[in-house]
Amino acid sequence: MRLFAAVVPPPECLDELGRVVDRLHRLPGADGLRWTSRPGWHLTLAFMGEVGEELLPELRARLGRAAHRTSAFPLRLHGGGHFGRRALWAGVAGDLDTLRLLAERSDAAARRAGVAMDEHRRYQAHLTVGRGRGEGAPLQPFLDELGGFEGTRWQVTELALVRSNLPVSGVRGEQPRYETVDAWPLEGREGHSG
Ligand code: ATP
Ligand code: MG
């Protein structure tokens, strides 16, 4: 199954972002983007791709330990950015050091469980709200609108393992796009979380 580790913001924080994205939808050129589905909004920590069933017990155990060692931390959705013309995203602010630490620990957990992970790239926390199609529309108007966005702060208290069901042509909407298959509480204590 296709899996990734993620932080899932609480519904009220996603609603705030949703109100901004509603405004983006009304801007000229909005049809030139493929907008992501809101129930699936998440911050990817580590993308694993296809993972064999036989690796799951070890993967779960290791992700659980990664969560156990990491302290809960504050985060808020903040501003936006883009990867070329491919992805338009909302950014985050707050305790980015701990977010990065959790991403690194999730990556290491997957590697040690035997998942073939992509090479390390610099971790850039983001929540993808839209994707360019083909040539893509200029993203500047959308970036301008997202730029002023400041979401309410929340406390990240768990690490989620999410399954991604790629859309199968013809059966669109039949299954949820993303499903949280497991989650572990962040239980580290200050001074013991390094
Ligand atoms: P689609 O691929 O249909 O456009 P998607 O990218 O949201 O949708 P997945 O490809 O299953 O679905 O990806 C799940 C999550 O992992 C997304 O947040 C995606 O941005 C992220 N992701 C996918 N591939 C990678 C990768 N190679 N490196 C880092 N993150 C990735
Ligand atoms: Mg993808």
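Residues numbered from 1 in each chain as written. Chains lettered and ligands numbered in written order. Predicted model: local features only at pLDDT ≥ 70, side-chain atom pairs only at ≥ 80, totals over all residues. Heavy atoms only, no water.

In the nomenclature of an unreviewed UniProt entry, the protein corresponds to RNA 2',3'-cyclic phosphodiesterase from the organism Streptomyces tanashiensis. In its Function (unreviewed entry) section, the UniProt entry covering the protein states "Hydrolyzes RNA 2',3'-cyclic phosphodiester to an RNA 2'-phosphomonoester." (UniProt positions renumbered as here; feature names shortened; annotations may be inferred.)

To continue, consider the packing of aromatic side chains. Scanning the entire structure with this criterion turns up 3 aromatic pairs. Look at Phe4 and Tyr178: their rings are 5.7 Å apart centre to centre, the planes differ by 90°, and that puts the pair in the edge-to-face class. Residue Phe4 is located in strand E1 (residues 2-7), and its partner Tyr178 is located in strand E9 (residues 178-185); the two are separated by 174 residues in the primary sequence. Judged by relative accessible area, which is 3%, Phe4 ranks as buried. (Phe/Tyr/Trp six-rings, centres within 6.5 Å; stacked < 30°, edge-to-face > 60°. Helix = DSSP H or I, 4+ residues; strand = E, 2+ residues; numbered from the N terminus. Buried < 20%, exposed > 50% of the residue type's maximum accessible area, 1.4 Å probe, protein only.)

Moving on: the sheet that holds strand E3 (residues 43-50). Pairing is antiparallel across the open sheet formed by 4 strands, whose spatial order is E3-E1-E8-E9. The two strands at the open ends of the sheet, each matched to only one other strand, are E3 and E9. Taken pair by pair, the neighbouring strands of this sheet meet at an average axis angle of 20°, ignoring direction. Set on the sheet, helix H2 (residues 56-69) makes contact with E1, E3, strand E8 (158-164) and E9; between it and E9 the angle comes to about 50°. Across the sheet, helix H3 (residues 96-112) lies against E1, E3 and E8, angled at about 15° from E3, the strand it touches most. (Pairing = 2+ DSSP bridges. Axes fitted to C-alpha atoms, helices over the stretch in contact; angles between N-to-C directions. Contact = heavy atoms within 4.5 Å.)

Glancing now at the layout of surface pockets. There is about 1600 Å³ of room inside the largest pocket. Going through the elements one at a time, E1, strand E2 (33-35), E3, H3 and strand E6 (127-132) are the ones with two or more residues in the lining of the largest pocket. Here the lining of the largest pocket is composed, by residue class, of 18 nonpolar, 13 polar and 14 charged. (1 Å grid on protein atoms, 1.4 Å probe; cavity = no way out; pocket = protein on both sides within 12 Å on 5 of 7 lines; lining within 4 Å. Points joined across faces, edges and corners; volume = space filled by probe spheres on them. Nonpolar A, V, L, I, M, F, W, Y, C, P; charged D, E, K, R; others polar.)

Mapped onto the fold, Gly130 is located in strand E6. Excluding residues within four positions of it along the chain, Gly130 makes contact with Arg34, Trp35, Thr36, Arg86, Ala87 and Leu88.

Taken across its 7 residues, E8 has 5 buried, putting it largely inside the fold. Across 4 bridges, E1 lies against E8 in antiparallel orientation. Note on E8: the bridge partner recorded for Leu3 is Arg163.

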